[in-house]
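Examination of the molecular architecture
Here is how the chains run, residue by residue.
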Amino acid sequence: MTDNNYDEIVQLLCDRLSSLASADVNITAETNLISDLSIDSIKLLNLIMEIEDAFDISIPINALADVQTVHELACLIAKIKSAS
Amino acid sequence: MNLLEKLDAAAAARKAMLPEGVGAFGIPIEEVYSATEARIGERRVLLLGTNNYLGLTFAPECIEAAHKALDEEGTGTTGSRMANGSYYGHRALEREFADFYDCCSGIVFTTGYQANLGTISGLVGRGDTVLIDGDSHASIFDGCILSGAEIIRFKHNDMADMEKRLRRLGGRAETTLIIVEGIYSMLGDQAPLPEIVELKNKYNCTLLLDEAHSLGVLGETGQGLVEKTGLLKEVDFITGTFSKSLCSIGGFCVSNHPQLDQLRYVSHPYIFTASPSPATIASTRAALQLLRNGSDLRKQLWKNCTQLYTRLKETGYILGPEPGPVIAAILDSPKQALQIWHRLLENNIYVNLILPPAAPDGKSLVRCSVNAAHTTEQIAHVGETFAKLYHEVLQP
Ligand SMILES: Cc1ncc(COP(=O)(O)O)c(C=O)c1O
């Protein structure tokens, strides 16, 4: 994983998330997907599907269980992308 | 928050959704009169929320067989299939299931839930992949979790999404188990099996089909979706339950791969639980014979399904995409669903209420299950009542 790659992923995640979250939340790599953003689980699942298509990967549900922050999601995506 | 406080928080969230005093879940059935009628509280209700698809809960053949087994073999086996719990009846039922599906191997489990847990966790493990439908039953999902395999979901019945995910798997497709259901329990729609088989062959995966709701319901002899589509030989493993059209409890897996038998030695949900009681096995064996020869029951069942589906659709209800024994009215809010459910009960009709997150896409469902024992008049009465409530609750 190059840093560049990671930064791009974080940027894309922040962009997508800000379109779902309320306007006053500033989304960064440290943002907690569940506690900081009040997005319901269905919207979050749909967002994951969009992200999967954007990177042409499938994110296993069990791997998602360990993800809390934007940073952790970005690392997971980078890991899956580099393995495929 | 300590452990008990977490439960309190969950209870508070549940109560916020369900007003005090509404016991929609786990409602006590005080007396059962027949395959279609029971007493709830002081009401004699029409049962339209059971999985008794062929209406065999009181079939004399099954009751007689169960009585005989009870008298001759006692109330329970008190042990695992691997130890003292494999009686003649368990092995005979396994042979009968294998024969029914023209397969070489069959295994009987203690419940359908365990059949999925035991089969999935026996077939795949760490490093393997399961590709499951987004609307999969919890027993499939839990089986996948137990297995340790990577779980990937595709959009419900969406073949383009499924293929996309198979392609993304690359070389890992070979160690991938695809899992789908004959009839989905939430909306009553069927899996597009011909397309799924095509993809399974193209990507060289293994396919498991859960016929829980389609056994006894689809196909000339009631094998399920495999028979309706003529694809029996293309499906690697079939699981199912005794708890719906067979009217007892238990589950099974059949396969034409002799390797299925190996599951008996590795599958914890098969080994570390007691086997079904002799009476359960005896009534299931009798019911399987009735099911195989039950084409008249299936005709009646489908007549009833079409009658209710058409009536509800004409009224304006939003339903699942095709008629079947599971007919779900899809409602926007839990409040609407609860109101309709409640008013149906006041009109002496019992159906199932399904609220988020159990229902797909955040919707709420009022779900009917039709069976072969319902009369045309009973179905017409249910249709009338739904129509009346549509105007009273949804379009006041
Ligand atoms: C699709 C599906 N599979 C498996 C099961 C589990 O069956 P059982 O009731 O025998 O545990 C069910 C029943 O709820 C089901 O709907």
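Worth saying up front: this structure is predicted, and the values here are computed from it rather than measured. Along every chain, residues carry numbers that run from 1 in the direction the sequence is written. Numbering of ligands from 1 and lettering of chains from A proceed in the order in which they are written. Per-residue local features of the predicted model are confined to residues with pLDDT of at least 70, and side-chain atom pairs are confined, for both listing and counting, to 80 or more; whole-chain, interface and lining totals are unaffected and use all residues. Based on all heavy atoms of the structure, the side-chain values leave hydrogens and waters out of the count.

Residues and elements named next belong to chain B. For two strands to count as paired, DSSP must find a minimum of two bridges between them. Helix and strand assignments come from DSSP, with helices taken as H or I runs of at least 4 residues and strands as E runs of at least 2, each series counted from the N terminus. Strand order in the open sheet formed by 7 strands is E4-E10-E9-E8-E7-E5-E6, with mixed pairing between adjacent strands. The sheet terminates laterally at strand E4 (105-109) and strand E6 (150-154), the two strands that pair on one side only. The sheet shows a mean angle of 20 degrees between the axes of neighbouring strands, taken without regard to direction. Pairing of strand E5 (residues 129-133) with E6, which is carried by 5 bridges, proceeds in the parallel orientation. Among the inter-strand pairings, Ile132 is bridged to a residue of E6, identified as Arg153. The angle between two axes is taken between their N-to-C directions and runs from 0 to 180 degrees, where each axis is a line fitted to C-alpha atoms and a helix contributes only its stretch in contact.

Let us look at the pairing of strand E8 (residues 206-210) of chain B. All names here are of chain B. Relative accessibility decides the category of a residue: with a 1.4 Å probe and only protein chains considered, values under 20% of the type maximum give buried, values over 50% give exposed, and everything between is partly exposed. In terms of residue burial, E8 counts as a mostly covered element, since 4 of its 5 residues are buried. Pairing of strand E7 (residues 176-181) with E8 involves 5 bridges; the strand directions are parallel. Bridge pairing in E8 places Ile179 opposite Leu208. Assignment of crossover handedness uses the view with strands pointing away from the viewer, where a clockwise path from the first strand over the helix to the second indicates a right-handed crossover. Read as a crossover between parallel neighbours, the route from E7 over helix H7 (residues 193-203) to E8 is right-handed. Here 3 bridges tie E8 to strand E9 (residues 237-241), and the two strands are oriented parallel to one another. Paired with Asp210 across the two strands is Thr239, which belongs to E9.

Looking now at the side chain of Ser136 of chain B. For Ser136 of chain B, the position within the fold is in the loop between E5 and helix H5 (138-147). Nitrogen and oxygen atoms within 3.5 Å of one another constitute a polar contact, given that in protein one can donate a hydrogen and the other can accept it, and given that sequence-neighbouring residues count only through two side-chain atoms. Engagement of the side chain of Ser136 of chain B in a polar contact is seen with the backbone oxygen of Asp133 of chain B, the distance being 2.7 Å.

All names here are of chain B. Relative to each other, helix H3 (residues 88-100) and helix H11 (residues 278-292) sit at 20 degrees, their axes nearing to 9 Å. Between H3 and H11, the angle falls in the class roughly parallel. The two elements H3 and H11 cross, and the hand of that crossing is left-handed. Facing H3, whose interface residues are Tyr88, Gly89, His90, Ala92, Leu93, Glu96, Phe97, Asp99 and Phe100, H11 presents Ile281, Thr284, Arg285, Leu288, Leu291 and Arg292. Put simply, Ala, Val, Leu, Ile, Met, Phe, Trp, Tyr, Cys and Pro go in the nonpolar bin, Asp, Glu, Lys and Arg in the charged bin, and everything else, Gly too, in the polar bin. Of the residues belonging to the contact of H3 with H11, the class tally is 8 nonpolar, 3 polar and 4 charged. In what follows, roughly perpendicular refers to angles from 65 to 115 degrees, roughly parallel to angles under 35, roughly antiparallel to angles over 145, and oblique to any angle outside these ranges. Two helices crossing with the near one rotated counterclockwise from the far one by less than a right angle form a left-handed crossing, whereas a clockwise rotation gives a right-handed crossing. Residues count as neighbours in contact if any of their non-hydrogen atoms are within 4.5 Å of one another.

Bringing the interface of chain A and chain B into the picture now. Facing 12 residues of chain A, the contacting portion of chain B comprises 13 residues. Defined here as a combined quantity, buried area equals the accessible surface (1.4 Å probe) lost by two parts on assembly, summed across both. Between chain A and chain B, roughly 1,200 Å² of surface is buried when both sides are summed, and carbon and sulfur atoms account for 50% of that area. Salt-bridge detection follows one rule: a side-chain nitrogen of Lys or Arg within 4 Å of a carboxyl oxygen of Asp or Glu. Taken together, the links from chain A to chain B amount to 5 salt bridges. Where Asp53 of chain A meets Lys164 of chain B, a salt bridge forms, and the shortest distance between an N and an O atom there is 3.0 Å. Linking chain A with chain B are 10 residue pairs in polar contact (both at pLDDT 80 or more), by the criterion used here. Looking at the side of chain A that touches chain B, the elements with two or more residues in it are helix H2 (41-55) and helix H3 (61-64) of chain A. In terms of residues, the side of chain A that touches chain B owes the most to one element, H2 of chain A, which gives 5 residues. Partitioned by chemical class, the residues of the side of chain A that touches chain B number 7 nonpolar, 2 polar and 3 charged.

Purely geometric numbers; function is a separate question.
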